[in-house]
Amino acid sequence: MNRIHITILLALFLTACYNQRPKLEIKTYKEAEIMPDAEDLLWEKTGRGLHASFGSTDMRYSKYQVPMEIVVKDMELSAWRGERINMQLVLWTVSDLKQVECVWQPLVNESGDSIITDNINTRFIRYVVADEYKNGCGLRSNDLESAHLEPDVLDNLSAMDMAGKTVRPVWICIDVPQTAQPGIYSSSVKIYSKMNSPQELRIKLYVQDRTIPSIANREFHLNLKQNPLAIALWHDVKPWSEEHFEAMKPYMQLLAKSGQKSVSCLLYEGVSEDVTFNTPTSMIKWSKTSDGNWKFDFSILERWIRYMDAMGINKHINLYSILPLNKQLFYHNEINGTNTLISLQEDSDARRKILKAYFSNLSQFLTEQGWMDKTSIVIEDKNQENLADFIYWMRKYEPEFQITLITKRYRPELLDSVQHLGLSAQYITAESMIEMKKTDDTKTSLTIDCSLERPNLFTFSSPSEAAWFGWFAAAHRLDGLYYSGFNDWTAEPLIDGRTTDAPSGANSLIYPDCRSSVRFEKLMEGIQDYEKLNLLEKDLTSIQLEELHKLQSRFTVHRMDDNEAAIVVRKGREIINRLSDL
């Protein structure tokens, strides 16, 4: 047998050894394909087989471009006990590959203490169609010129196939137990594929002798508005049926584990004949009796609030809102048995009479349930009439209700009448927030909307911008964050994230079947930093505080460019890691 035959046999033998992984059945959806105008020339210089490297969680890697020429096989990280930390692996190949999968070893320190692989969550990042900011909020056409792919969907697949000349990022989350022993832990991940030798990457995790509060004890007030109807439509179940509540369970569990404090309750029925994923559905049934009086059925609302309470989301109840969508109201007419539509456009005695009866009955119901002291009516300044008139009306006729005001600009003249204030970042200054805290106990939240190109949570936004929000909230002494787009999905959210009224991603942070996103995980990362800062500031010297406050002064939208969020958050984390060892 000559040397060539021996070499071939040896190669076949080694390949067989490399592929002793059990065969997996991969069931998934097909991503959209938007090919680049020209092929990346670096593919011609890329060797065959699977390539793997650590990447940056602040980067989005194009599907059709070679992600890097210098690979990174080793990574060092730091974390507190109880913290979730993120990493990104990047895989690429010139040729088609089958059954690409990542297999982790437990994290082990020199004393033999370990963090088991159940605490390591590996998800392939899927690409979704995105657009550009353009004019921000408002109607837009989904033109092909701005359409492109962005990596955002975190898919819970055990393995994926890869086409030639493509990239597949992989998102890694490590949940450090609150009981973990401090020290340096080591682990490795092997990336397997059929007919190729595995690639191995290694990490060292420094668990610091600090503990982040448990979810129940965190101070940050997270308020992501939920849309139960979208889940019913996606899973093809009847709204508010047993099947609907069962389908919602993983989504609401994800919210609870993320520190969500508020339950979103919709007071009015949507008025569109074409029911879509973001059409409101009322949790209260309106009826008009034969004697002309109003009757309200609160049974769905009660079940929803109790359901969310069982999930651990029970600190605050938000009622949306003081007027229905488009100021038109659906109700059931008991006289003729039909559903009727009336207009509430004009401020009139008739409208005030309807609203007074409604909120009076709602107040009585909430009081009987013991929920009134944690309930607020949400009043938004978009598409509304005079905010001061609405607030005056609520204070006059239903003073027991708290008011949450969501506004794009600072409204000091209204602060005496509201208990929760949500402001857009461009109208927040540290000085105004600190001054307000001296004289007022109003809870303040950063409101994220489409009025800013950056920072934001669009599918094309830099991932670091999502983490930036937690730092901004800490720097400006805010209590939390409000975002209206937790799961207002489009018709094909896994394929195309574009909408007709806002930049892509503005309507949802997660995807169907409870798939998380790069944006959601980075947002949670910044909220963890908020909690760390709250704890560290209590122990810092005046010199250390001065260093921290100097950095925090950079957290302003007025100096934001493409790289600013990544730079300041990275510097902030360097300070946190250094101070955590003192």
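About the cut-offs
- Residues numbered from 1 in each chain as written.
- Predicted model: local features only at pLDDT ≥ 70, side-chain atom pairs only at ≥ 80, totals over all residues.
- Heavy atoms only, no water.
- Helix = DSSP H or I, 4+ residues; strand = E, 2+ residues; numbered from the N terminus.
- Buried < 20%, exposed > 50% of the residue type's maximum accessible area, 1.4 Å probe, protein only.
- Contact = heavy atoms within 4.5 Å.
- Areas by Shrake-Rupley, 256 points an atom, 1.4 Å probe, with all protein chains shown as cover.
- Lys, Arg positive; Asp, Glu negative; His and termini not counted.
- Charge placed at Lys NZ, Arg CZ, Asp CG, Glu CD.
- Phe/Tyr/Trp six-rings, centres within 6.5 Å; stacked < 30°, edge-to-face > 60°.
- Lys NZ or Arg CZ within 6 Å of the ring centre and 35° of its normal.
- Salt bridge = Lys/Arg side-chain N within 4 Å of Asp/Glu carboxyl O.
- Axes fitted to C-alpha atoms, helices over the stretch in contact; angles between N-to-C directions.
- Parallel < 35°, antiparallel > 145°, perpendicular 65-115°, else oblique.
- Left-handed = near helix turned anticlockwise from the far one by under 90°.
- Nonpolar A, V, L, I, M, F, W, Y, C, P; charged D, E, K, R; others polar.
- Bend = angle between axes of the 7 residues up to and from the residue.
- Core = buried A, V, L, I, M, F, W, Y, C linked by side-chain atoms within 4.5 Å.

(A) Layout of the overall build of the protein. Scanning the protein from terminus to terminus reveals eleven helices and 25 strands. Expressed along its principal axes, the backbone C-alpha trace of the protein runs to roughly 100 × 60 × 45 Å. A burial count over the protein gives 55% of its 582 residues as buried. Across the protein, every contact between residues at least 6 apart in sequence was considered, and the portion connecting residues at least 24 apart equals 74%. Only carbon and sulfur atoms are counted for the fraction: they give 49% of the accessible area of the protein, which is about 26400 Å². Counting 66 positive and 80 negative side-chain charges, the protein places the centres of these two groups 3 Å from one another.

(B) The arrangement of the side chain of Gln-402 in detail. Along the polypeptide, Gln-402 turns up in strand E21 (residues 402–407). Note on Gln-402: relative accessible area 17%, which makes it buried. The residues touching Gln-402, leaving out its near neighbours within four places in the chain, are Asp-373, Lys-374, Thr-375, Ser-376, Ile-377, Arg-395, Gln-419 and His-420.

(C) Quick peek at the packing of aromatic side chains. Taken as a whole, this structure holds 28 aromatic pairs when the rule is applied. A centroid spacing of 5.9 Å and a plane angle of 50° characterise the contact between Trp-240 and Phe-245, whose relative ring orientation is tilted. The exposure class assigned to Trp-240 is buried, which follows from its relative accessible area of 11%. In this structure Phe-245 comes out as buried when scored by relative accessible area, which is 5%. Ring geometry for Trp-468 against Phe-472: centres 4.9 Å apart, planes inclined by 25°, an arrangement best described as stacked. One end of the pair, Trp-468, and the other, Phe-472, are both in helix H8 (residues 463–475), four residues apart, so they sit about a helical turn from each other. Grouping residues by exposure puts Trp-468 and Phe-472 together as buried. Arg-21 extends its terminal NZ or CZ atom over the ring of Tyr-192, reaching a point 5.2 Å from the ring centre. The lysine or arginine in question, Lys-225, covers the ring of Tyr-320, its NZ or CZ lying 4.2 Å from the ring centre.

(D) Summary view of unusual backbone geometry. That bond from Arg-454 to Pro-455 is cis: its omega, 0°, falls within 30 degrees of zero. Within the fold, Pro-455 resides in the loop between strand E23 (443–448) and H8. The backbone phi angle of Lys-134 is positive, close to 50°, even though this residue is not glycine. For Met-195, which is not a glycine, the phi torsion comes out positive at approximately 70°. With respect to the helices and strands, Met-195 occurs in the loop between strand E11 (183–193) and strand E12 (196–211).

(E) Looking closely at the pattern of salt bridges. Within the structure shown, the criterion is met by 37 salt bridges. The salt bridge partner of Lys-63 is Glu-31, with a shortest N-O separation of 2.8 Å. Placement of the pair is Lys-63 in the loop between strand E1 (50–54) and strand E2 (74–81) and Glu-31 in the loop between helix H1 (3–18) and E1, with a sequence separation of 32 residues. A relative accessible area of 8% places Glu-31 in the buried class. A salt bridge links Asp-513 to Arg-515; its shortest N-O distance comes to 3.2 Å. By relative accessible area, which is 12% here, Arg-515 ends up buried. Salt bridges linked by common partners bring Glu-31, Lys-63, Arg-126, Asp-155, Arg-168, Asp-513 and Arg-515 together as one network.

(F) Just the packing of helix H5 (residues 349–369) against helix H6 (residues 387–397), in detail. Taken N-terminus to C-terminus, the directions of H5 and H6 make an angle of 50°; their axes are 11 Å apart at the nearest point. With respect to H6, the element H5 is oriented oblique. Regarding H5 and H6, the two cross each other, and that crossing is right-handed. Across the interface between the two elements, Arg-351, Arg-352, Leu-355, Lys-356 and Phe-359 of H5 pack against Phe-390, Trp-393, Met-394 and Tyr-397 of H6. Grouping the amino acids of the contact of H5 with H6 by side-chain chemistry returns six nonpolar, no polar and three charged.

(G) Looking closely at H8. Bending of H8 peaks at approximately 25° at the position of Phe-469. Counting buried residues in H8 gives 13 out of 13 residues, a clear majority hidden from the surface. Just downstream of H8, Arg-477 is the residue with a positive phi angle, here 60°.

(H) Here's a closer look at the environment of Tyr-331. One can find Tyr-331 in strand E18 (residues 328–333). Excluding anything up to four places from it in sequence, Tyr-331 contacts Trp-286, Lys-288, Trp-294, Thr-338, Asn-339, Thr-340 and Ile-342.

(I) How the structure looks around the nonpolar core. Residues Met-252, Trp-286, Trp-304, Phe-359, Leu-362 and Trp-468 are the most contacted members of the largest nonpolar core, which totals 112 residues. Here the element with the most residues in this core is H8; it accounts for nine residues. For Trp-304, the contacting residues outside a window of four places in its chain are Gln-226, Pro-228, Trp-240, Phe-245, Met-248, Met-252, Val-263, Ser-264, Cys-265 and Met-283. In terms of nonpolar packing, the next biggest core, distinct from the first, is built from 32 residues, Leu-50, Val-100, Val-189 and Val-207 among them.

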